[in-house]
Amino acid sequence: MFDDLNDLYQQVILDHSRSPRNFKKLDGANRVAHGHNPLCGDRITIYLHLDGDVISDISFEGSGCAISKASASVMTTALKGKTIPEAQKLFSQFRQLVTTENAESGELGKLAVFAGVHKFPARVKCAILAWHALVSALEGRPCAVTTEENTTEPKP
Ligand code: ZN
């Protein structure tokens, strides 16, 4: 049963890495941030259009491994129309999910497909890269470099 579940999760991840959603430069974006995971070579740029505190549109560009791309793709589909506090809540739930065993999937929906990532510590940084870039964009910081799960190092 759990193997089947993992297969399903893998299918979703493969699907999103092969044909990522919202994979484009966003015209009219009013927030942009870059994320770079030097350990794997993943690079992600997140574009946001904020209407007040609502993420009215979101897209990304970048190159990297299947996990980083799929994570960014699923993230954009999950966040469109969400408020900033809702996005921050999803980020903390997602971080729990990919760093701990038996984490509650809460309101994560499709984001829960990344639950298996916690078994591969090197992949956690890949899965969380887009989220670090998102937080940078929300905070108006242009660049996030992730070298550890919980660290962002904005450029001065
Ligand atoms: Zn990666």
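Residues numbered from 1 in each chain as written. Predicted model: local features only at pLDDT ≥ 70, side-chain atom pairs only at ≥ 80, totals over all residues. Heavy atoms only, no water.

(A) Structural context of the nonpolar core. Grouped together as the largest cluster of nonpolar side chains are 42 residues, with contacts concentrated most on Ile46, Leu79, Phe94, Phe114 and Trp131. Secondary structure elements with two or more residues in this core: α1 (2-18), β2 (42-51), β3 (54-63), α2 (66-79), α3 (84-99) and α4 (121-139). Sequence-distant contacts of phenylalanine 94, defined by excluding residues within four places in its chain, comprise Ser71, Leu108, Leu111, Phe114, Ala127, Ile128 and Trp131. (Core = buried A, V, L, I, M, F, W, Y, C linked by side-chain atoms within 4.5 Å. Buried < 20%, exposed > 50% of the residue type's maximum accessible area, 1.4 Å probe, protein only. Helix = DSSP H or I, 4+ residues; strand = E, 2+ residues; numbered from the N terminus. Contact = heavy atoms within 4.5 Å.)

(B) Representation of unusual backbone geometry within the structure. In the Ramachandran plot, asparagine 22 falls in the positive-phi region, its phi being about 55° despite a non-glycine side chain. Along the chain, the position of asparagine 22 falls in the loop between α1 and β1 (31-37). Residue asparagine 22 is classed as buried on the basis of its relative accessible area, which comes to 19%. You will see that asparagine 102, though not glycine, has its phi angle at about 55°, which is positive. Inspection of the secondary structure puts asparagine 102 in the loop between α3 and α4.

(C) Examining the pattern of salt bridges more closely. Per the counting criterion, the structure on display carries three salt bridges. Between arginine 21 and aspartate 15 there is a salt bridge whose closest N-O contact spans 2.8 Å. Look at aspartate 15 and you get partly exposed, because its relative accessible area is 34%. Aspartate 57 serves as the salt-bridge partner of lysine 80, at 3.3 Å between the closest nitrogen and oxygen. Within this pair, whereas lysine 80 is found in the loop between α2 and α3, its partner aspartate 57 is found in strand β3, the two being separated by 23 residues in sequence. (Salt bridge = Lys/Arg side-chain N within 4 Å of Asp/Glu carboxyl O.)

Nothing here speaks to function; it is all geometry.
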